[in-house]
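# Descriptive structure summary
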Amino acid sequence: MSSQKQDLHIFTDNSIIPHNQVKSEHLFNLITHVQGTSPTWLLNLLIENSLYGTCSINTDTNKQHRSNTSRSSVIFISFLNDFKFYASSLKKNGVEVQSNQSFKFIDLFTNLFDRVVPSNIESVSKLFDDLTQEIKNLSQDKPIIFIEGLEFLLLSTDISSIQCLSQLNKLHKLSSSVILSCQSDEELIDIATFNHPTHPQYKLHDFLVRILHRTNLNIALRPLETGKAKDITGTLSISKGCIPYESLDIAEKEYLYLVSKDQSAKLFFR
Amino acid sequence: MSFRKRGEIISNGGKNTLPNNRIPNAVPGRGSPITSSIPRRGNIPLIPNRGQGTQPIPGRTQVIPNKRNLDLNESFENLQIKENEELSFKFPKILKPSSLNSSMTISTGISDLDKILGHQGGIPLGSSLLIEENGSTDFSSILLKAFASQGIIHNRLNPQQSNTHLVVLTSNIQWGKDLPGVYRGSSRQIKKQAIRENEEKLSIQNLVNKPQIDKDLRIAWRYGLNDSNKREIQEANDEIYKDFNHQFDITSRLNPLVQNNEISYIPISNNFIQLYQQIVQVLESQKNKIIRLIIPSILNPSMYSPQLTQLTEILPFIHKLRSLTHKYPQLIIISSIPLDLYSKSSIIVKSMESLFDTVIQLEPFNQQMLQFLERAYKNEPNKISHGLLHIFKLNNQSDAGQMLITKNEYSFKNGRKKFEIEEWGIPVDDDATTAENDENKQTTKDIDF
Amino acid sequence: MASSTQSSNTIQTSSFQLIKHINSKLISQDNINKIYISFETFKEIPQYINIEAWSIPLIELIKKIVSLYDSNKKNLILIDSINYIPLNQLSKFISDLIINDSITIITTYHTSLPEFEIPYQNLSRYNLLSFISSSIIEILPNDEKSKTLKINKSCKDYRINFIHKRKSGRINSFKFEFINDEFLPFVESIENNNNNEDLLEGLTTFNLKTSSSAKVIKDNLELPYMEAQRLQESSGAIVYQFEKDDDYDEEDPYEDPF
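Residues numbered from 1 in each chain as written. Chains lettered and ligands numbered in written order. Predicted model: local features only at pLDDT ≥ 70, side-chain atom pairs only at ≥ 80, totals over all residues. Heavy atoms only, no water.

### Let's talk about the overall build of chain C
To keep things clear, this is the line we draw: Comment: elements are numbered from the N terminus, with helices defined as DSSP H or I runs of at least four residues and strands as E runs of at least two. Burial classes: relative accessible area under 20% of the type maximum marks a residue as buried, over 50% as exposed, and values in between as partly exposed (1.4 Å probe, protein chains only). By definition in these notes, contact holds between two residues if any of their heavy atoms fall within 4.5 Å. Only the protein chains shown count as covering a residue, and every accessible area follows the Shrake-Rupley method with a 1.4 Å probe.
What chain C contains, in helices and strands, is seven helices and nine strands. Residues classed as buried in chain C amount to 35% of the 258 residues present. Restricting the contact set of chain C to residue pairs at least 6 apart, pairs at least 24 apart contribute 60%. Surface accessibility of chain C: about 17,200 Å² in total, with carbon and sulfur atoms responsible for 53%.

Following this line, the structure appears as structure tokens:
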């Protein structure tokens, strides 16, 4: 464990996803990204780390070594992709999720609008009640819940940011930790000209700021300001949220990262 | 055993057995090998494999999938590959495996566009493409129409079995009437084509000649090794994928015109739910075909009522379409959106972009720029581009986390025979440079003095 | 004492530490009935009556809180964020809670949340809250250049403006700087700032202002002790000790030392 090695560390003790000691806290982590810096690779990494405590970035460890015993159970809820998308990309990291008891993918992408009527807030509420029930049935243990594309639900339905947050709370309560991935392009949160609560920009802005007030950890993926580069995809910055972790300290840092054509990622210190 | 004349064709692939009278416009000979290979399976002794695969040249088609098979010893991938093999069996000659992942790709009808999509093929099946366009020009419709024509040409490769169906979301049922026809080349090119075809036929002469050509071309032995391998693969690819894409001439028309059983028009109602149900109906009825779903100028107020431009209307619709591309892996969606009505920085465009797999933008040059180009390329008018092409998202790669936003790197040019996309470079204005040079000369002279 | 204390904060500077600090002072006091109303956090605070308010309609919430009051003790209501109460119900919410003098509300108002203008009432949440509350603690980042929604590094150095409205009608305000998790008094009082002249504008019948030309002359005037300062470069510390005439009450945190 040399500190010289270029590797992803979120906490000062060089860990990525905190383990048992923080199970009692309901942690809330936010990953924001913009067009061009899709967080799929990072989510894959965090899933792997949540399951096995390993991290196949910047290392070429033998990829079949994953033990069958996982540290904690993981539930992945996606509004934008289906299981196949993640199963195949996780596979590349050597994480088998198809028959994994600890990993559960909840697909809210494929038939989302069969379940949700955009003008009907009750239907959204029902969706989350069903989700809560589903998660309750799955595990006694408090899982780590990943949520991808919730902002999309906010934009495409009539629910307000506060309503969306209280739906999120339902899931949050069941989990040991929530990792929310959210797109935050400036166009989506521009409130300079769209400043009425019914404007979707206002809704998303309000939603994001409210979330920022309750997060423990923020990770931001942004492209380089200079645009596309061959050897760098963008920057990954890790910062503390408004609510500190009780037992751990976050190593605030900014990395450069590269996702190459074969979808493997590399990190560099800045 | 009998003697053969040197030029005699050993296997003509049945070219003459089934004259392709129904498609007079198609390039002669294209497509027919498949038609004939199926009934004649097993009768051709030259290629022993033939009995098993129904593909025209089984040994070759499988080269690429097999390689992948060995590399990735993983069940999930294998499953995908099996699916792909089935697909390429079902739709012979019109699919290419992606060089990036395990998906199969199909041509957009514009070979340069296929190139920039990065798969060394075309657009992956089961994906969507959004073309944004600034200004009042209508370059995007050329792309859409080439995309449609390509589908029709594919569909007519084998008269016995249609493989493609077009679905167009428009109230204009004349939309398919003016699809461009295949570019047949200048008369000189047609002649050359005939000679090349003759060479491609398997004759004794060609068999004798081929290795020699190879030897002659060997420049250095190191490169030569690679070269011959590459060439072989290249040749094999050319053969397998010769119907992958075609070139379209926008001044000509598809002949015969698009038939009613080749295209479905879905008129825009003021209800996206109804629209979606109609799409699903068509998809269900055409399940065994490749579906090219075309949405010209989405949200154009002349077709779409204002209430449909609400995010709560359009986003669920696009989201449903996105999920359709996953449910029906043979579906490709292409759509254009006018940026003059919905600005690039608006939330509606941005959020739609996040639901499309591939997003490109066409930004035509303004009058001033065009004049400048005309001046700069006085002597080479074919070098004048019509605008810039920006890439914002590319299928599979952007979603995986690669940053692929490239602005101002490509330019496009719409010609009679081709829609070209090339790397963009600002031309040097000759007048300006010569003036500068003169000045430079002047100064150096002064110094010399 | 019917009062409400409000702390406002931005994303970079959270009120979390401050609230935690207040809690640690309060926790030992048994004569206070403490109620914690959470809209955005799940962590229960020990020795508090915890209510998860996000799932309860507002009217029921008010009823519930009022039913929890202990008439024999002081009642403290801690609300993690007041931003979750709709603006049009905000004043009613607070006035419904403060039913008698024994109730104190401490709440956080996030200033970084977007606030839309109401066309006719023209009253923002912040104005309303500052009017109602008796003490306001503002937590602001020391460098205000990053006002946009950018999630980069969280801010370590921030300053605190403390405004306390006394019953006499006098307003005390203090500024603090918060460096490395410790409070440091920064500027004691806002009142002796440079705007004294402007404050007097219109109140006097004679001219108290210095004209710009007079100012230049005044600045250039070399006073005799300037020379003395130059001689002695090493600065001297001013040591101040309390004398018996200085009536300083350590028990009263709001005591104005001057």
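Resuming the write-up.
### Things to note about the overall build of chain A
Quick reminder of the rule: Our radius of gyration looks at C-alpha atoms and nothing else; its globule reference is 2.2 Å times the residue count to the power 0.38. This count recognises Lys and Arg as positive and Asp and Glu as negative, with His and chain-terminal groups excluded. Taken as the charge centre is NZ of Lys, CZ of Arg, CG of Asp or CD of Glu, depending on the residue.
Scanning chain A for helices and strands turns up seven helices and nine strands. Relative to the 2.2 N^0.38 estimate, which gives 18 Å for 270 residues, the radius of gyration of chain A is 18 Å and therefore close to what a compact globule would have. C-alpha atoms of chain A, sized along the principal axes, occupy 50 × 45 × 35 Å. Burial statistics for chain A: of 270 residues in total, 63% are counted as buried. For chain A, long-range pairs separated by at least 24 residues make up 71% of all intrachain contacts whose partners lie at least 6 apart in sequence. Entry remark: accessible area of chain A is about 10,300 Å², with carbon and sulfur atoms responsible for 48%. The averaged location of the 29 negative side-chain charges in chain A is 5 Å from the averaged location of its 26 positive side-chain charges.

### Some thoughts on the sheet that holds strand β14 (residues 387-393) of chain B
Residues and elements named next belong to chain B. Just so we agree on the cut-off: The rule for pairing is simple: two strands pair if DSSP sees at least two bridges between them. Axis definition: a line fitted to C-alpha atoms, over the contacting stretch in the case of helices. Angles run 0 to 180 degrees between N-to-C directions.
Reading across from one edge, β10-β6-β11-β12-β5-β13-β14-β15-β16 is the order of the nine strands in this open sheet, with mixed pairing throughout. Lying at the two open borders of the sheet, with one neighbouring strand each, are β10 (263-266) and β16 (419-423). Across the sheet, the mean angle from the axis of one strand to that of its neighbour is 25 degrees, orientation sign disregarded. Here seven bridges tie strand β5 (residues 127-133) to strand β12 (residues 331-338), and the two strands are oriented parallel to one another. Paired with Ser127 across the strands is Ile332, a residue of β12. Contacting β6 (164-169), β10, β11 (290-295) and β12, helix α10 (residues 272-285) runs over the sheet at an angle of about 165 degrees to β10. Against the sheet, helix α11 (residues 311-327) contacts β5, β6, β11 and β12, and its axis sits at roughly 150 degrees relative to β12.

### Here's the deal with the interface of chain B and chain A
Note the cut-off: Two parts placed together each lose some accessible area under a 1.4 Å probe, and the buried area is that loss summed for both. Here a salt bridge means any side-chain nitrogen of Lys or Arg lying within 4 Å of a carboxyl oxygen belonging to Asp or Glu. Two N or O atoms form a polar contact when they lie within 3.5 Å of each other; inside protein one atom must be a possible hydrogen donor and the other a possible acceptor, and for residues adjacent in sequence the pair counts only when both atoms belong to side chains.
Across the boundary between the two partners, chain B contributes 37 residues, which contact 42 residues of chain A. Here chain B meets chain A over a buried area of about 3,600 Å², counting both sides, of which 62% is carbon and sulfur. Between Lys350 of chain B and Asp185 of chain A there is a salt bridge, with the nearest N and O atoms lying 3.8 Å from each other. Where chain B touches chain A, the interface holds 10 residue pairs in polar contact (both at pLDDT 80 or more). Contributions of two or more residues to the side of chain B that touches chain A are made by α4 (75-90), α11, α12 (347-353) and β14 of chain B.

### Description of the pattern of salt bridges
Counting across every chain of the model gives 20 salt bridges over all chains. Among the ionic pairs, Glu262 of chain B bridges to Arg156 of chain B, the shortest N-O distance being 3.0 Å. Here Glu262 of chain B is found in the loop between β9 (248-249) and β10, whereas its partner Arg156 of chain B is found in the loop between α6 (139-155) and β6, with 106 residues between them in sequence. In this structure, Glu420 of chain B and Lys413 of chain B form a salt bridge, with 3.3 Å as the shortest nitrogen-oxygen distance. Given the relative accessible area of 12%, Lys413 of chain B is considered buried. A cluster of three or more residues bridged by salt bridges with shared partners is formed by Asp185 and Glu187 of chain A together with Glu132, Lys344, Lys350 and Glu353 of chain B.

### Notes on the sheet that holds strand β3 (residues 103-107) of chain A
Residue and element names in this part refer to chain A. Pairing within the open sheet is mixed, and its nine strands lie in the order β3-β2-β4-β5-β1-β6-β7-β8-β9. Unpaired on one side and paired on the other, β3 and β9 (265-269) mark the two borders of the sheet. Neighbour to neighbour, the strand axes of the sheet diverge by 20 degrees on average, direction disregarded. Bridge count between strand β4 (residues 144-148) and strand β5 (residues 177-183): five bridges; the pairing is parallel. From the neighbouring strand, Ile144 faces β5, where its bridge partner is Ser177. In the packing of helix α2 (residues 83-92) onto the sheet, the strands contacted are β2 (74-78), β3 and β4, and the crossing angle to β3 comes to about 145 degrees.

### Some points on the interface of chain C and chain A
Note the threshold: Here the term charged refers only to Asp, Glu, Lys and Arg, the term nonpolar to Ala, Val, Leu, Ile, Met, Phe, Trp, Tyr, Cys and Pro, and the term polar to all other amino acids, Gly among them.
Across the boundary between the two partners, chain C contributes 26 residues, which contact 34 residues of chain A. Surface buried jointly by chain C and chain A totals about 2,800 Å² across both partners, of which 66% is contributed by carbon and sulfur atoms. Ionic pairing is found between Lys173 of chain A and Glu52 of chain C, a salt bridge with its closest N-O pair at 3.1 Å. The interface formed by chain C and chain A includes five residue pairs in polar contact (both at pLDDT 80 or more). Of the residues belonging to the side of chain C that touches chain A, the class tally is 11 nonpolar, 10 polar and five charged.

### Focus: helix α2 (residues 58-67) of chain C
Residues and elements named next belong to chain C. Selection criterion: An arc is given here, and it is the one of the directions from the helix axis to the C-beta atoms.
Within α2, burial applies to Leu58, Leu61, Ile62 and Ile65. All buried residues of α2 project into a common sector of 100 degrees when viewed along the axis, lining one side. Turned more than 90 degrees away from the buried face of α2 sit Ile59, Lys63 and Ser67, all of them exposed. Buried residues belonging to α2 abut β2 (32-38), β3 (49-52), β4 (74-79) and α3 (87-97).

### As for the environment of Pro124 of chain B
Residues and elements named next belong to chain B. Tracing the chain through its elements places Pro124 in strand β4 (residues 123-124). When its relative accessible area of 3% is taken as the criterion, Pro124 is described as buried. For the pair formed by Pro124 and Gln330, sequence separation is 206 residues and the distance between their alpha carbons is 9.3 Å. The contact partners of Pro124, leaving out residues within four places of it in the chain, are Ser103, Met104, Thr105, His119, Ile332, Asn395 and Asn396.

### Digging into unusual backbone geometry
Residues and elements named next belong to chain B. Along the chain, Asn255 connects to Pro256 via a cis peptide bond; the corresponding omega equals -5 degrees. By secondary structure assignment, the location of Pro256 is in the loop between β9 and β10. Positive phi outside glycine occurs at Gln120, with the angle close to 55 degrees. A residue is classified by how much of its surface remains accessible, and Gln120, at 65% relative accessible area, is exposed. A positive phi angle, near 60 degrees, is found at Asn408, a position not held by glycine. The exposure class assigned to Asn408 is partly exposed, which follows from its relative accessible area of 44%.

### Describing the pairing of β5 of chain A
Residues and elements named next belong to chain A. Counted residue by residue, β5 has seven buried out of seven residues, so it is predominantly covered. Burial along β5 is two-sided: Ser177, Ile179, Ser181 and Gln183 facing one way and Val178, Leu180 and Cys182 facing the other are all buried. Pairing between strand β1 (residues 27-33) and β5: seven bridges, direction parallel. Counterpart to Thr32 in the pairing with β5 is Cys182.

### Thoughts on the packing of helix α4 (residues 121-138) of chain A against helix α6 (residues 161-174) of chain A
All names here are of chain A. The condition that has to hold: Roughly parallel here means an angle under 35 degrees, roughly antiparallel means over 145, roughly perpendicular means 65 to 115, and every remaining angle is called oblique.
Put simply, α4 and α6 touch, their axes get as near as 9 Å, and they point 5 degrees apart. The orientation of α4 with respect to α6, classified from their angle, is roughly parallel. Residue-level contacts link Ile121, Val124, Ser125, Phe128, Asp129, Leu131, Thr132, Ile135 and Lys136 of α4 to Gln163, Gln167, Lys170, Leu171 and Leu174 of α6. The residue makeup of the contact of α4 with α6, split by class, is seven nonpolar, four polar and three charged.

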